[in-house]
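Here is what each chain is made of, one letter per residue.
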Amino acid sequence: MILRFFLLAGFLIASNSHAKGSFAGKVSFVSDGDTLWVQPDSGGPPRKLRIDGIDAPEICQTGGAASREMLAQRALHQRVSVTVRRYDTYGRGLARIQLDGKDLGAQMVVAGQAWSYRWRQNPGPYAAEEAVARQSRRGLFATGQPELPRGFRKRHGP
């Protein structure tokens with residue numbers, strides 16, 4: 001029993017450390033405005049990734065379908081470079097993703113299709129891009145004050 005535990009622990013550590021890091025691949029599916037699947041060039045199953053540093057509207061939320069559509073138009077079937085930084089509570093790799101040498105998260109935020117991910121008083125890594133989108137009234141910021149996904153989930157559930 002103890003041997004099985006250590007074997008399982010060793011396997012999980014090895015597979016988790018292999019899963020982090022950088023790789024290149026092709027975007028095979030887009031779930032929503034901040035989640036996509038990438039098929040690694042090195043083989044293996046597609047990896048579910050969330051773009052680190054952004055928060056897009058939920059698919060059932062106002063702006064959700066437009067956000068997913070923009071991410072699909074930009075990235076679906078395209079080659080990307082991925083740097084997995086950590087994992088979220090849903091098991092998705094939180095990754096910085098480069099498309100044609102450009103930061104995909106920054107592109108989504110400056111287009112007004114996502115927010116810079118906030119934490120407490122920190123405006124997030126894409127605060128400048130979000131300010132440009134707000135000032136230009138792009139996407140989510142075209143009218144009124146859009147509801148952050150965190151507030152939407154709190155009111156409607158995950």
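This report concerns the structure included in the present document. No experiment lies behind these values; they were computed from the predicted model shown.

## Observations concerning the environment of Ser81
- Topologically, Ser81 is positioned in strand E5 (residues 79-87).
- With a relative accessible area of 39%, Ser81 lands in the partly exposed category.
- Counting along the chain gives 59 residues from Ser81 to Ser22, while the straight-line C-alpha distance between them is 7.3 Å.
- With residues near it in sequence (within four places) discarded, Ser81 still touches Phe23, Ala24, Arg96, Ile97 and Gln98.

## Brief notes about the environment of Val30
- Tracing the sequence through the fold places Val30 in strand E1 (residues 21-32).
- Between the C-alpha atoms of Val30 and Arg68, which are 38 residues apart in sequence, the distance is 6.9 Å.
- Excluding residues within four positions of it along the chain, Val30 makes contact with Thr35, Leu36, Arg68, Leu71, Ala72 and Leu76.

So, how was this worked out
- Every chain is numbered independently, its residues counted from 1 as its sequence is written.
- Only residues with pLDDT of 70 or above have their local features reported here, since the model is predicted, and side-chain atom pairs are shown and tallied only from 80 upward, although totals for entire chains, interfaces and linings are computed over all residues.
- Hydrogen atoms and water are omitted, and side-chain values are computed over all heavy atoms in the structure.
- Going along the chain from the N terminus, every DSSP run of H or I of four or more residues is numbered as a helix, and every run of E of two or more is numbered as a strand.
- The buried label applies to any residue whose accessible area, calculated with a 1.4 Å probe on protein chains only, is under 20% of its type's maximum; exposed applies above 50%, and partly exposed to all values in between.
- Two residues qualify as a contact provided that any one of their heavy atoms is within 4.5 Å of a heavy atom in the partner residue.

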